[in-house]
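Residues per chain are reported as follows:
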Amino acid sequence: MTCRVTASMSAAAVLRVSRVLRGSLPAVGCISRCPPRIRHPLASSRIHLPALSATAWRRYTTQPAENKEEEALHNIIIDTENVQGSASKHEFQAETKKLLDIVARSLYSEKEVFIRELISNASDALEKLRHKLMSQGGDQQELEIHLQTDSEKGTLTIQDTGVGMTADDLVSNLGTIARSGSKAFLDALQNQAESSGKIIGQFGVGFYSAFMVADKVVVYSQSAEPGSTGYRWSSDGSGVFEMVEASGVRPGTKVTIYLKEECKEFASEDRVRDVITKYSNFVSFPLYLNGKRINTLQALWMMDPKEIGEWQHEEFYRFIAKAYDKPRYTLHYKADAPLNIRSIFYVPEMKPSMFDVSREMGSSVALYSRKVLIQTKATDILPKWLRFLRGVVDSEDIPLNLSRELLQESSLIRKLRDVLQRRLVKFFIDQSKKDPEKYSKFFEDYGLFMREGIVTIAEQEVKEDIAKLLRFESSALPAGQQTNLTEYASRMQPGTRNIYYLCAPNRHLAEHSPYYEAMKKKQTEVLFCYEQFDELTLLHLREFDRKKLISVETDIVVDHYKEDKFEDNRPESELIPEKEAEDLMAWMRNGLGTRVTNIKVTPRLDTHPAMITVLEMGAARHFLRTQQLAKTSEERAQILQPTLEINTGHPLIKKLGQLKDTDEELAKLLLDQIYENAMIAAGLNDDPRPMVGRLNELLTKALERH
């Protein structure tokens, strides 16, 4: 049958087509085993759906069928068991009463995780049976997990068709806290990595999480070995359990939880489905709830990257990120050494909001262990500066605590974080080379995060790796063209050891800065930094590729301490004579008082009358901006110890030298304004409003002279 969806079809018609095809095609957002060319008609019509929550996703992909035959259920949970004889009572081992209290009441932060734990145990039992059948060449069996809710009885039942348990297994695995059959199985398979890597539980406490919500737990189990006997295990969690033979038990394990009154929500199909979708949507085996298949999604991160289409990444991204847009970058990273890592990372197409930028926003990367969700937002797997990423990390090497919900900070976690960080940085470097224009837009939107990484990370080697992602304009390149530190270093003249930069709001102000004017005479390339945090970033970076990062403002100050003086090649006739310059500077020192530490003549300026120099200007600016300690110009000067450097060839300075003897009042106004202008050019005066009155007075006096 061939169906075609057209743009003119109504929503109802499209829905009818989708229902007809539901049996053979995946729903939008479902990552199935179908090849990429086979797609849901809604997807092929390019209708973009909003982000789907777990509930919305489930409702969308399980619309009621018009044909009842399409609703055929598959449910193996049937009450066929019968107790044989009288039960024997056993006490839990190893002070179990106390330990059971800890597990049932304190170990897990959310009660709902007991469903995850029981599904994980069932998955382990199925994996053991699968391995056994493969190794012994036995007949293949249906390996499934079934859950059933009964709101009238207040019960939740989970049953698997796995390896099952003998009487001894029930006593040792369910009768002793921290005695894990999965752990023992792993030990037996330590040389068979393929199978052992798929065993989820290793602590032997997951089963007991059921007592958080249960008044009583009943387990029916029969070993998959031919001729085995079935058994019934039951306990109310008080420290005693009962064992009895039972007939009619299906090979595998069936767990029925009689829910406490306050936990009856877990007898609701909708509630259980949401928990399964949240934690266990990617379990390897078919998972049914009340006869309906639940886990329709594949764990994309476990698949071969070559087998995944772009559309699958788009739908998976929207599902895990609960987003409307597409990923602009996708990294599917798999590694077996030095750690086992299966991961997918996405960079959202949408520009980050102010909330996203805030450091209060946590990680958006989910942590899985063998396809079972551990943390929705894993804060320790990636460094804070990479919080803009969406995605999944799955590693069987992750050291979890008993409840699986908290990571144990360890050298292994730090190593995992370091491996992922380096791989992501390398990925972005590769993308910048592959498509510079696309990367430039990415850096424009996300560059603040890279700057934060350099500022907050302690290791210099890591700082320099991240610094390769920074982009700047340069005095050596046309406006709008960006460069990076690596390219700058490649253009440096032999023997030079410094990378120079200048921070300004835009290129025009940078090129007309007195500090850049001073550098032009040295014929040195200067990086132009326009963003507010560029200066702080480069101050923290300090050096790159064994080359020091120097602000041009700092370079000017440092030059004063060098033996080689900067030569002024202008004719002496264009400059104020040396004796008059000394007199002028003495008058200026008297007029400015404590606002400056010193006044010097500079040969570096041509078009500017003066400039302020401060040792470590960038650090001084940041200090004043963040500490808010200096309110007046005198207080600011005490902190900065500024030097005013004047250009004795500039008309304003020459005129000032004349006015100090002929019109001292006007000369005083002019001196104050020259000083304020220099402070503004240096970025050390964040509020120029107080000088408006002086400017008006200067304008008035200028007009009076005409």
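Residue positions are counted from 1 within each chain, in the order its sequence is given. Per-residue local features are limited, in this predicted model, to residues with pLDDT of at least 70; the limit for side-chain atom pairs, both in listing and counting, is 80 or more; totals at the level of whole chains, interfaces and linings are taken over all residues. Side-chain metrics in this entry use all non-hydrogen atoms of the structure; hydrogen atoms and water are not considered.

**Q** Which residues make up the overall build of the chain, and what values go with them?
**A** Along the backbone of the chain there are 25 helices and 23 strands. The buried share of the chain, reckoned over its 706 residues, is 54%. Contact between two residues is taken to exist if any of their heavy atoms lie within 4.5 Å; hydrogens are not considered. Here the contacts in the chain between residues at least 6 apart in sequence split such that 72% fall between residues at least 24 apart. Only the protein chains shown count as cover for residues, and the accessible areas themselves come from Shrake-Rupley with a 1.4 Å probe. In the form shown here, the chain has an accessible surface area of approximately 34100 Å², with 50% of it arising from carbon and sulfur atoms. Segments assigned H or I by DSSP are reported as helices when at least four residues long, segments assigned E as strands when at least two residues long, and all are numbered from the N terminus. Each residue is placed in one exposure class: buried if its accessible area under a 1.4 Å probe, protein chains only, is under 20% of its type's maximum, exposed if it is over 50%, and partly exposed if it falls in between.

**Q** Give a detailed account of the environment of Ser 86, specifying residues and quantitative values.
**A** When you line up the elements, Ser 86 lands in strand S1 (residues 82–91). The sequence separation of Ser 86 and Met 243 amounts to 157 residues, and the corresponding C-alpha distance is 8.7 Å.

**Q** For the nonpolar core, give the residues involved together with the corresponding values.
**A** Counting 101 residues, the largest nonpolar core has Leu 389, Phe 428, Ile 612 and Leu 644 as its most contacted members. In these notes, a set of buried Ala, Val, Leu, Ile, Met, Phe, Trp, Tyr and Cys residues joined through side-chain atoms within 4.5 Å is what counts as a nonpolar core. Counting 67 residues, the second largest nonpolar core, distinct from the first, contains Leu 147, Met 165, Val 255 and Ala 366.

**Q** Account for the sheet that holds strand S20 (residues 547–551), with residues named and values stated.
**A** The rule for pairing is simple: two strands pair if DSSP sees at least two bridges between them. Read across the sheet, six strands follow the order S16-S15-S18-S17-S20-S19 without closing on themselves; strand pairing throughout is mixed. Here the strands that pair on one side only, and so sit at the sheet edges, are strand S16 (482–483) and strand S19 (543–544). As judged from the four bridges shared by strand S17 (residues 498–503) and strand S18 (residues 526–529), these two strands associate in the parallel manner. Bridging from a neighbouring strand, Tyr 501 pairs with Leu 527 of S18. Here, axes are lines fitted to C-alpha atoms. For helices the fit covers the stretch in contact, and angles between N-to-C directions go from 0 to 180 degrees. Packing against the sheet, helix H18 (residues 534–541) makes contact with strand S15 (472–474), S17, S18, S19 and S20, and its axis sits at approximately 160 degrees to S17.

**Q** Please give an account of the packing of helix H13 (residues 436–456) against helix H14 (residues 460–467) that cites residues and values.
**A** Close contact between H13 and H14 brings their axes to 9 Å; oriented N to C, the two are set at 165 degrees. Classed by the angle they form, the pair H13 and H14 counts as roughly antiparallel. Viewed along their axes, H13 and H14 form a crossing whose handedness is left-handed. Facing H13, whose interface residues are Met 450, Gly 453, Ile 454 and Val 455, H14 presents Lys 463, Ile 466 and Ala 467. Residue polarity follows a fixed list, in which Ala, Val, Leu, Ile, Met, Phe, Trp, Tyr, Cys and Pro are nonpolar, Asp, Glu, Lys and Arg are charged, and the others, Gly among them, are polar. Residues of the contact of H13 with H14, tallied by class, amount to five nonpolar, one polar and one charged. The cut-offs work like this: below 35 degrees is roughly parallel, past 145 is roughly antiparallel, 65 to 115 is roughly perpendicular, and the gaps in between are oblique. Crossings are sorted by hand: turned counterclockwise from the far helix by less than a right angle, the near helix makes the crossing left-handed, and turned clockwise it makes it right-handed.

**Q** Describe the confidence of the model for the chain, listing the residues and the values that go with them.
**A** pLDDT measures how confident the predictor is about each residue, on a scale from 0 to 100. Across the chain, the average pLDDT comes to 79, with 77% of residues at 70 or higher. Note on residues 1–70: pLDDT is under 50 here. Beyond four places in sequence and across chains, it has 95 contacts. Predicted confidence for residues 193–197 stays below pLDDT 50, and this span has nine contacts to residues more than four positions away or in other chains.

**Q** Kindly report on the sheet that holds strand S6 (residues 240–247), identifying the contributing residues and their values.
**A** Spatially, nine strands are ordered S1-S6-S5-S4-S7-S3-S2-S8-S9 in an open sheet, and the strand pairing comes out mixed. A strand with exactly one partner marks an edge of an open sheet, and here the two such strands are S1 and strand S9 (292–293). Pairing analysis gives three bridges linking strand S2 (residues 145–150) to strand S8 (residues 287–289), with the strands arranged parallel. Residue pairing for S8: Leu 147 is matched across the bridge by Leu 289. The strands touched by helix H6 (residues 167–174) within the sheet are strand S4 (214–222), strand S5 (230–235) and S6, with S5 carrying the most contacts at an inclination of about 25 degrees.

**Q** Kindly report on the packing of helix H20 (residues 578–592) against helix H24 (residues 664–681), identifying the contributing residues and their values.
**A** Close contact between H20 and H24 brings their axes to 11 Å; oriented N to C, the two are set at 80 degrees. Classified by the angle between their axes, H20 and H24 sit roughly perpendicular to one another. Residue-level contacts link Trp 587, Met 588, Gly 591 and Leu 592 of H20 to Glu 664, Ala 667, Lys 668, Leu 671, Asp 672 and Tyr 675 of H24. For the contact of H20 with H24, the per-class residue count stands at six nonpolar, one polar and three charged.

**Q** Break down the pattern of salt bridges for me, with residues and values.
**A** Here, a salt bridge means any Lys or Arg side-chain nitrogen found within 4 Å of an Asp or Glu carboxyl oxygen. For the structure on display, the rule yields 34 salt bridges. Salt-bridge contacts for Lys 701 lead to Glu 665; the nearest nitrogen and oxygen are separated by 3.8 Å. With Lys 701 in helix H25 (residues 692–704) and Glu 665 in helix H24, this residue pair connects regions lying 36 residues apart in the sequence. Connected through salt bridges with shared partners, the residues Asp 418, Arg 422, Glu 461, Asp 465 and Lys 468 form a single ionic network.

**Q** Account for unusual backbone geometry, naming residues and giving values.
**A** Note that the residue after Ala 337, namely Pro 338, is joined by a cis bond; omega there is 5 degrees. Along the chain, the position of Pro 338 falls in the loop between strand S10 (327–335) and strand S11 (341–348). Of note, the phi angle at Arg 370 is positive, near 55 degrees, even though the residue is not glycine. Residue placement: Arg 370 occurs in the loop between strand S12 (364–369) and strand S13 (372–375). For Arg 546, which is not a glycine, the phi torsion comes out positive at approximately 65 degrees.

**Q** For the packing of aromatic side chains, give the residues involved together with the corresponding values.
**A** In this analysis, rings of Phe, Tyr and Trp, with Trp reduced to its six-membered ring, are considered paired at centre separations within 6.5 Å, and the interplanar angle assigns stacked below 30 degrees, edge-to-face beyond 60, and tilted for intermediate values. For the structure shown, the criterion picks out 25 aromatic pairs. Aromatic pair Phe 442 and Tyr 446: ring centres 5.3 Å apart, planes at 25 degrees, arrangement stacked. With Phe 442 and Tyr 446 both in helix H13, this residue pair falls four residues apart, about one helical turn. Exposure remark for Phe 442: the relative accessible area of 0% places this residue in the buried category. Looking at Tyr 446, the relative accessible area reads 1%, which means it is buried. Each ring, one from Tyr 516 and one from Phe 528, has its centre 5.4 Å from the other, and the planes form 80 degrees; the classification is edge-to-face. In this pair, Tyr 516 is assigned in helix H17 (residues 514–520) and Phe 528 in strand S18, connecting sequence segments 12 residues apart.

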